[in-house]
Structure formats: structure tokens, C-alpha cells
Amino acid sequence: KHPKIRGFAPEITNVVFLGREKFDRNYVESFKIRVTVDKRPKTVKIMYRFSSDEPYKSALLYDDAKHDDKGAGDTIYGGEIKPSGNNVVMEYYIESENAAGVSFFPAHYMKAPEKASLKDLNQSK
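Everything numeric in this text was worked out from a predicted model, so none of it was measured.

1. What about the overall build of the protein?
Thought 1: From N to C terminus, the protein includes one helix and eight strands.
Thought 2: Each helix and strand of the protein, ordered N terminal to C terminal, gives the series β-β-β-β-β-β-β-β-α.
Thought 3: Once the C-alpha set of the protein is aligned to its principal axes, its extents read approximately 65 × 35 × 20 Å.
Thought 4: Sequence-distant contacts in the protein: of pairs separated by 6 or more residues, those separated by 24 or more amount to 63%.
Thought 5: Summed over its atoms, the accessible surface of the protein is roughly 8,500 Å², and 48% of this surface lies on carbon and sulfur atoms.
Thought 6: Positive and negative side-chain charges in the protein, numbering 21 and 18 respectively, have mean positions lying 4 Å apart.

Take a look at the structure:
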């Protein structure tokens, strides 16, 4: 007899794109993202596309202090998407998985994915 094991899917609590800082002369040319995920995720990835008529691509996000994610093991995952050509607006959603299940941000990602814009990220703070 084994006790029942209760698990919880990962919890995505914060999604932030890094923008241009005040007085910074360099423009943001890529989408650098930080995502906070609790409940021991096995994988965290961003699903993205630059046009609603193209399929989503995926990129892994890391918690290793090497991908704009702050410190290793701090539950903040980071990554970067480098757009090609004139792609300046990106639709995206976040997918996170552990042994107990899969979580998505936003919850209704297929009907209403989030959007990020290089124009918005270049508005200095």
C-alpha cells in the first residue's frame, strides 16, 4: 500500500520582458523575457510567432543565471528571442511542465495569446 501522491502543476506567476532603461542610448532589438515559475518545473518554454497565420515556434527558458534570469535556482527563468527582418510584434504564450501536469500563461492562450512589441520595449522607463 502506497500513500497517494498529490502533485501540483507548475505555477507561472510573473512574465516580464526587459525593456530599454532610462537614459540608455541602445535600442532593444530582441525580446528578452523573465518568467517566474514555482512548483519545480521540469521545462519552461515560450511559444511564439510573428504572424497569426504562421505556426508557433518554441524556445526553452533557463534558470541558470546565464540567460537574463537573475540567479541560478531562484525560480526565475529567462531567454531571448531574436526576430528576423521587420518582425517587431510577437504573439506568445508560456508553457511549463512538471511530473504533475502542464500550465499555460495566459490560461486562454489559444484564443487570446499575449503580445510583446519592440516599440513598447524601447519606451525608456
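Once you've had a look at it, read on.
2. Section: the packing of aromatic side chains
Thought 1: On inspection of all chains with the given rule, the structure shows eight aromatic pairs.
Thought 2: On the basis of an interplanar angle of 70 degrees and a centroid distance of 5.9 Å, the ring pair of Tyr 48 and Phe 50 is categorised as edge-to-face.
Thought 3: For Tyr 48, a relative accessible area of 13% translates into the label buried.
Thought 4: Centroid distance Phe 104 to Tyr 109: 4.4 Å. Interplanar angle 25 degrees. Geometry classified as stacked.

3. Some remarks on the pattern of salt bridges
Thought 1: Across all of its chains, the model carries four salt bridges by this definition.
Thought 2: For the salt bridge of Lys 32 with Asp 68, the shortest nitrogen-to-oxygen distance reads 3.9 Å. Linking Lys 32 in strand β2 (residues 31-38) with Asp 68 in the loop between β4 (57-60) and β5 (76-81), this pair joins segments that are 36 residues apart in sequence.
Thought 3: Judged by its relative accessible area of 29%, Lys 32 is partly exposed.
Thought 4: A relative accessible area of 32% means that Asp 68 is categorised as partly exposed.
Thought 5: The partner of Glu 95 in a salt bridge is Lys 45, and the shortest N-O contact between them spans 3.8 Å. A residue pair is termed long-range when its members are at least 10 positions apart, and Glu 95 in strand β6 (residues 89-98) and Lys 45 in strand β3 (residues 43-49) qualify at 50 residues.
Thought 6: Residue class for Glu 95 comes out buried when judged on its relative accessible area of 16%.

4. A short note on the side chain of Asp 69
Thought 1: Mapping Asp 69 onto the fold places it in the loop between β4 and β5.
Thought 2: It is Arg 34 that comes nearest to the buried, bridge-free Asp 69 among opposite-charge side chains, at 7.0 Å.
Thought 3: Only 3.2 Å separates the side chain of Asp 69 from the backbone nitrogen of Lys 66, close enough to count as a polar contact.
Thought 4: Residues contacting Asp 69, with those up to four places away along its chain left out, are Arg 34, Tyr 62, Asp 63, Asp 64, Asp 74, Ile 76, Tyr 77 and Gly 78.

5. Comments concerning the pairing of strand β7 (residues 101-105)
Thought 1: In this sheet, β7 lies alongside β6 in antiparallel orientation, the contact comprising five bridges. Following the sheet pairing, Glu 97 is matched in β7 by Val 102.

Rules behind the numbers
Residues numbered from 1 in each chain as written. Predicted model: local features only at pLDDT ≥ 70, side-chain atom pairs only at ≥ 80, totals over all residues. Heavy atoms only, no water. Helix = DSSP H or I, 4+ residues; strand = E, 2+ residues; numbered from the N terminus. Contact = heavy atoms within 4.5 Å. Areas by Shrake-Rupley, 256 points an atom, 1.4 Å probe, with all protein chains shown as cover. Lys, Arg positive; Asp, Glu negative; His and termini not counted. Charge placed at Lys NZ, Arg CZ, Asp CG, Glu CD. Phe/Tyr/Trp six-rings, centres within 6.5 Å; stacked < 30°, edge-to-face > 60°. Buried < 20%, exposed > 50% of the residue type's maximum accessible area, 1.4 Å probe, protein only. Salt bridge = Lys/Arg side-chain N within 4 Å of Asp/Glu carboxyl O. Polar contact = N/O pair within 3.5 Å; in protein donor to acceptor, adjacent residues only side chain to side chain. Pairing = 2+ DSSP bridges.

Without other data, these values stay purely geometric and don't point to any function.
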